[in-house]
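Coordinates in review
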Amino acid sequence: MASSIRVRATANGDITEVQALIQHPMDTGFVKDAKGELIPAHYIQQLKFECNGKDVFVADWGTAVSKDPYVKFSFKGAKKGDDLKVSWTDNKGGSDTITAKIS
Amino acid sequence: MTTLPGPTATRRLILQGAASVALLGLGNLPFGAAPARAAANDKYPEEAFKQKSEADAIKALYGQTAEPSDKVKLDAPEIAENGGVVPISVTTTLDKVTSISFFVAENPSALAASYTIPEGTIPAVANRLKMAKTTNVVAIVEADGKLYSATKEVKVTVGGCGG
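Cut-offs used in this document
Residues numbered from 1 in each chain as written. Chains lettered and ligands numbered in written order. Predicted model: local features only at pLDDT ≥ 70, side-chain atom pairs only at ≥ 80, totals over all residues. Heavy atoms only, no water. Salt bridge = Lys/Arg side-chain N within 4 Å of Asp/Glu carboxyl O. Buried < 20%, exposed > 50% of the residue type's maximum accessible area, 1.4 Å probe, protein only. pLDDT = per-residue confidence, 0-100. Contact = heavy atoms within 4.5 Å. Phe/Tyr/Trp six-rings, centres within 6.5 Å; stacked < 30°, edge-to-face > 60°. Helix = DSSP H or I, 4+ residues; strand = E, 2+ residues; numbered from the N terminus. Pairing = 2+ DSSP bridges. Buried area = accessible area lost by both parts, 1.4 Å probe. Polar contact = N/O pair within 3.5 Å; in protein donor to acceptor, adjacent residues only side chain to side chain. Core = buried A, V, L, I, M, F, W, Y, C linked by side-chain atoms within 4.5 Å. Axes fitted to C-alpha atoms, helices over the stretch in contact; angles between N-to-C directions.

**A look at the pattern of salt bridges**
Applying the stated criterion across every chain yields a total of eight salt bridges over all chains. Across the pair Lys79(A) and Asp82(A) runs a salt bridge, and its minimum N-O distance is 3.4 Å. Here Lys155(B) ties to Glu153(B) by a salt bridge, and the two come within 3.6 Å at their closest N and O atoms. Take Lys155(B): its relative accessible area is 41%, and that puts it in the partly exposed class.

In structure tokens, the structure reads:
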């Protein structure tokens, strides 16, 4: 299965800009399905970005983050070719990880 | 839960519950007094996400209140046609930023997202949030142990919490 995480990290001088898009339903637990039954909450709780053995960005999410979440941030101290590890865990114990090269 | 063997067991359970609540309560105090949420403590803030009102959520997450600051720039649309996907971003010129959080005042639970900003990371985040209806979006920036906020009202034409 293709990874649920799509990430693009581009270094421009000392600053690396990271954009990540994750495929996840982010169900709030308030929405009903076609049969009128509540869809249980299913959402990413924590998303982590690590570079050179250090956390560079940690997101704690609730159900109010949109479906297929997108996030963008920048950090210093990395260069082209460095690895950026992205991982998430959700409230049902699901998780995914990807390692991207900074370009 | 299955049937319990007798009243003693029930009582023990209740006592255990009370004890853990008391422990939690005590545990919160030092966090409230110290410079808010320690950056190293990256445990998921379950309690803060459960709070309904914005004030309670801020209190549960940081243990203090925020003051409005023009150094926090919150960028959100005036009108969101689809409350399910509202692009919201925040930037700040403040120094020593350790975290940035987003609150949507009238969502079922106010805290939407909280980001830890370690040293070396630029204090700016863009993301997309759900909004149940027209309400205030509040961004909170934790810098040097203090909280600064920016608020903006976003009009929502179709809410993000229905079908």
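**Examining the confidence of the model for chain B**
Parts of the prediction with low pLDDT should not have their coordinates interpreted in detail. Mean pLDDT over chain B works out to 81, with 71% of the residues at or above the 70 mark. Residue range residues 23–40 of chain B is modelled with pLDDT below 50. Its contacts to residues more than four positions away, or to other chains, number 17 contacts.

**Details of the packing of aromatic side chains**
Following the criterion strictly, the structure yields seven aromatic pairs over all chains and no others. Relative to Phe49(B), the ring of Tyr44(B) lies with its centre 5.0 Å away and its plane at 5 degrees, an arrangement referred to as stacked. The exposure class of Tyr44(B) is buried, given its relative accessible area of 11%. Taken together, the ring pairs connect Phe49(A), Phe57(A), Phe73(A), Phe75(A), Phe102(B) and Tyr115(B) into an aromatic cluster.

**Some details on the pairing of strand 2 (residues 72–75) of chain B**
All names here are of chain B. In strand 2, alternate side chains face the same way, and those of Val72 and Leu74 are buried while those of Lys73 and Asp75 on the opposite face are not. Both strand 2 and strand 4 (residues 86–92) contribute to a ladder of four bridges, which runs antiparallel. Opposite Leu74, over in strand 4, you have Val90 as the bridge partner.

**Considerations on the interface of chain A and chain B**
Each partner contributes to the interface: chain A provides 33 residues, whereas chain B provides 33 residues. Three residues, Asp60(A), Ala64(A) and Ser66(A), lead the burial of chain A against chain B; their summed loss comes to 24% of the area buried on that side. If you look at where chain A meets chain B, you find zero salt bridges. Between the two partners, chain A and chain B, sit 18 residue pairs in polar contact (both at pLDDT 80 or more).

**Some remarks on the environment of Gly145(B)**
Structurally, the position occupied by Gly145(B) is in the loop between strand 8 (135–143) and strand 9 (146–158). Residues Gly145(B) and Thr98(B), spaced 47 residues apart in sequence, show a C-alpha to C-alpha distance of 8.1 Å.

**Observations regarding the nonpolar core**
Core analysis: the biggest nonpolar cluster contains 68 residues, and Phe49(A), Phe57(A), Trp61(A), Leu84(A), Phe102(B) and Tyr115(B) have the highest contact counts within it. Considering each element in turn, this core owes the most residues, six residues, to strand 8 of chain B. Ignoring anything within four residues of it in the chain, the contact list for Leu84(A) reads Val7(A), Ala9(A), Val18(A), Phe49(A), Glu50(A), Cys51(A), Val56(A), Phe75(A), Ile98(A), Thr99(A), Ala100(A) and Ile102(A).

**Some points on the sheet that holds strand 7 (residues 124–129) of chain B**
Overall, antiparallel pairing links the six strands, which are arranged 1(A)-2(A)-5(A)-7(B)-4(B)-2(B) in an open sheet. In the strand order of this sheet, the two ends are held by strand 1 (5–12) of chain A together with strand 2 of chain B, each with one partner. Each adjacent strand pair in this sheet contributes to an overall mean axis angle of 15 degrees, direction not counted.

**Brief notes about the side chain of Ser66(A)**
As for its position among the elements, Ser66(A) is in the loop between strand 4 (54–61) and strand 5 (70–76). With a relative accessible area of 0%, Ser66(A) lands in the buried category. At a separation of 2.7 Å, a polar atom in the side chain of Ser66(A) contacts the main-chain carbonyl oxygen of Gly84(B). Leaving out residues up to four positions away in the same chain, Ser66(A) has contacts with Met26(A), Gly84(B), Val85(B), Val86(B), Arg128(B), Leu129(B) and Lys130(B).

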